[in-house]
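Coordinates in review
What follows is the residue order along each chain.
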Amino acid sequence: MLWIGNTTLTLTNDRSHNEKTVYPITENDWNELMTVLKDVDVSTLPGLEAPTSKRHHDAAAFATLTVVQDGKEIKTQNFDHGHPPKHIEALVSKILLLADRTHKKQ
């Protein structure tokens, strides 16, 4: 699980989320992420359908995207990790790239 704020990225592999690692992110990384997010109609997130369904029989891990806007959480349905709905594909790719790049810097 990961959380991204305007100055930090927090990662955990712990199911209870007790062990978290916080990494700084740059203003440029945050701005790039916000640019990609602007292309997403956040209000449509709950209704997006996953393009694949391997998570239904343990053939793939599942993922969920939650965007917090004005204090309100807007969440997608579960989708197969690595196969997000087309509407959020660029955003999910940017998030995963940022997480991978940030984690490897440390």
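Everything quoted here is computed from the prediction, not taken from an experiment. (Residues numbered from 1 in each chain as written. Predicted model: local features only at pLDDT ≥ 70, side-chain atom pairs only at ≥ 80, totals over all residues. Heavy atoms only, no water.)

Note on placement: K94 falls in helix 2 (residues 89-105). Among all residues touching K94, those that are not within four sequence positions of it are E32, L33 and V36. (Helix = DSSP H or I, 4+ residues; strand = E, 2+ residues; numbered from the N terminus. Contact = heavy atoms within 4.5 Å.)

Attention now goes to helix 1 (residues 27-37). Within helix 1, burial applies to D29, L33, V36 and L37. The buried residues of helix 1 all sit within an arc of 105° when viewed along its axis, so they share a single face. (Buried < 20%, exposed > 50% of the residue type's maximum accessible area, 1.4 Å probe, protein only. Arc of directions from axis to C-beta.)

Turning our eyes to something else, we now look at the nonpolar core. Counting 22 residues, the largest nonpolar core has L9, L45, L65, I88 and L91 as the members making the most contacts within it. Those elements that place two or more of their residues in this core are strand 2 (8-11), helix 1 and helix 2. In terms of residue count, helix 2 provides more of this core than any other element does, five residues in total. Other than its neighbours up to four places away in sequence, L91 contacts L33, V36, L37, V40 and L65. (Core = buried A, V, L, I, M, F, W, Y, C linked by side-chain atoms within 4.5 Å.)

So, on to the pattern of salt bridges. One pass over the full model with this rule turns up three salt bridges. Of the charged contacts in the structure, one is a salt bridge between R101 and D29, with a shortest N-O distance of 2.5 Å. Separated by 72 residues along the polypeptide, R101 in helix 2 and D29 in helix 1 bring together distant segments of the chain. Taking the relative accessible area as the measure of exposure, D29 reaches 7% and is therefore buried. A salt bridge links K94 to E32, with the shortest nitrogen-to-oxygen separation between them at 2.5 Å. Note that K94 is positioned in helix 2 and E32 in helix 1, a separation of 62 residues in sequence. With relative accessibility at 17%, the residue K94 sits in the buried group. Under the relative-accessibility criterion, E32 is labelled partly exposed at 30%. (Salt bridge = Lys/Arg side-chain N within 4 Å of Asp/Glu carboxyl O.)

The subject of this paragraph is the sheet that holds strand 3 (residues 21-24). Read from one edge to the other, the open sheet built from three strands follows the order 1-2-3, with strand pairing classed as antiparallel. A strand with exactly one partner marks an edge of an open sheet, and here the two such strands are strand 1 (2-4) and strand 3. When the angles between neighbouring strand axes are averaged without regard to direction, this sheet yields 15°. Inspection of the sheet shows strand 1 paired to strand 2 by three bridges, in the antiparallel sense. Bridging across to strand 2, I4 finds its partner in L9. (Pairing = 2+ DSSP bridges. Axes fitted to C-alpha atoms, helices over the stretch in contact; angles between N-to-C directions.)

Turning our attention to the pairing of strand 6 (residues 72-75). Looking down a regular strand, the side chains alternate between one sheet face and the other. Here four bridges tie strand 5 (residues 66-69) to strand 6, and the two strands are oriented antiparallel to one another. By the bridge assignment for strand 6, V67 is matched with I74. Linking two consecutive strands that pair antiparallel, namely strand 5 and strand 6, is a turn of two residues; a positive phi of about 55° is found at D70 within it.

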